[in-house]
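A closer look at the structure
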Amino acid sequence: MQEPTICAIRGAICVERDEPALIEAAACKLYASILEQNGLSETNVVSLLITQTSDLKSRNPATGLRKGGYCSSTPLFCMQELEIDGMLGKVIRMLLILNYHSKHTKPVFLDGAERLRPDLLK
Ligand SMILES: O=C(O)C(=O)C[C@]1(C(=O)O)C=C[C@@H](O)C=C1
């Protein structure tokens, strides 16, 4: 059977406060960390889905990524995360779709977001 030629990688990061500079920095940190920890370059990224929790309103993370020099020609799609009782607040989540296949992709959860999926980080 032919090997698949796409894969996806998840990540999430907590933002300390709802401030434009903090959202920009967190979005860039998460995106750069996912690439770095998986040995990828931006040419591997086909598209990027991003959610933000509704308590982060001061900056769109897509703007933050482009301001940081990333994703100038990558299709981005930002959405609000579902609101569920007891959910963790101030979180940016990313789902990278890649033109690359590996059985060993590494999800990246940073700055307090580790608690969202402790099972993935074992
Ligand atoms: O992975 C996360 O960021 C989670 O919060 C976990 C989880 C899930 O249950 O799979 C829940 C909500 C998100 O939309 C995505 C994934």
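Above this text sits the structure in question.
As the structure is a computational prediction, the values presented were derived from the model and not from experiment. (Residues numbered from 1 in each chain as written. Predicted model: local features only at pLDDT ≥ 70, side-chain atom pairs only at ≥ 80, totals over all residues. Heavy atoms only, no water.)

Description of the site of the ligand
Within the structure, the ligand sits among Arg10, Glu81, Arg93, Phe109, Leu116 and Arg117. Glu81 places a polar side-chain atom, nitrogen or oxygen, 2.6 Å from an oxygen atom of the ligand. In the environment of the ligand, an oxygen atom lies 2.7 Å from a nitrogen or oxygen atom belonging to the side chain of Arg93. Protein burial of the ligand: of its 360 Å² of free accessible surface, 56% is covered by the chains. Split into classes, the residues belonging to the shell around the ligand amount to 2 nonpolar, no polar and 4 charged. (Near = heavy atom within 4 Å. Polar contact = N/O pair within 3.5 Å; in protein donor to acceptor, adjacent residues only side chain to side chain. Areas by Shrake-Rupley, 256 points an atom, 1.4 Å probe, with all protein chains shown as cover. Nonpolar A, V, L, I, M, F, W, Y, C, P; charged D, E, K, R; others polar.)

A few points about a nonpolar patch on the surface
On the surface, Leu49, Phe77 and Met79 cluster together to form a nonpolar patch covering roughly 260 Å² of accessible area. Classification of Leu49 as partly exposed rests on a relative accessible area of 33%. (Patch = residues over 30% accessible without salt bridge, like charges linked within 9 Å, V, L, I, M, F, W, Y side chains within 5 Å. Salt bridge = Lys/Arg side-chain N within 4 Å of Asp/Glu carboxyl O. Buried < 20%, exposed > 50% of the residue type's maximum accessible area, 1.4 Å probe, protein only.)

Re the pattern of salt bridges
According to the stated counting rule, one finds 7 salt bridges in the structure shown. Two residues, Glu24 and Arg59, come together in a salt bridge whose shortest N-O distance is 2.6 Å. Residue Glu24 is located in helix H1 (residues 20-37), and its partner Arg59 is located in the loop between strand S2 (45-52) and helix H2 (61-67); the two are separated by 35 residues in the primary sequence. For Glu24, a relative accessible area of 12% gives the class buried. (Helix = DSSP H or I, 4+ residues; strand = E, 2+ residues; numbered from the N terminus.)

Topic: the sheet that holds strand S1 (residues 7-14)
What the 5 strands build is an open sheet, ordered S3-S2-S4-S1-S5; its pairing is mixed. Unpaired on one side and paired on the other, strand S3 (76-80) and strand S5 (108-110) mark the two borders of the sheet. Here the strands of the sheet are splayed against their neighbours by 15° on average, with no regard to which way each runs. Against the sheet, H1 makes contact with S1, S2, strand S4 (91-98) and S5, and its axis sits at roughly 35° relative to S4, the strand it touches most. (Pairing = 2+ DSSP bridges. Axes fitted to C-alpha atoms, helices over the stretch in contact; angles between N-to-C directions. Contact = heavy atoms within 4.5 Å.)

Re the pairing of S1
In terms of burial, S1 is a largely internal element, 6 of the 8 residues being buried. Taken together, the 8 bridges between S1 and S4 define a ladder with antiparallel strand orientation. Residue pairing in the sheet places Arg10 in a bridge with Leu95 of S4.

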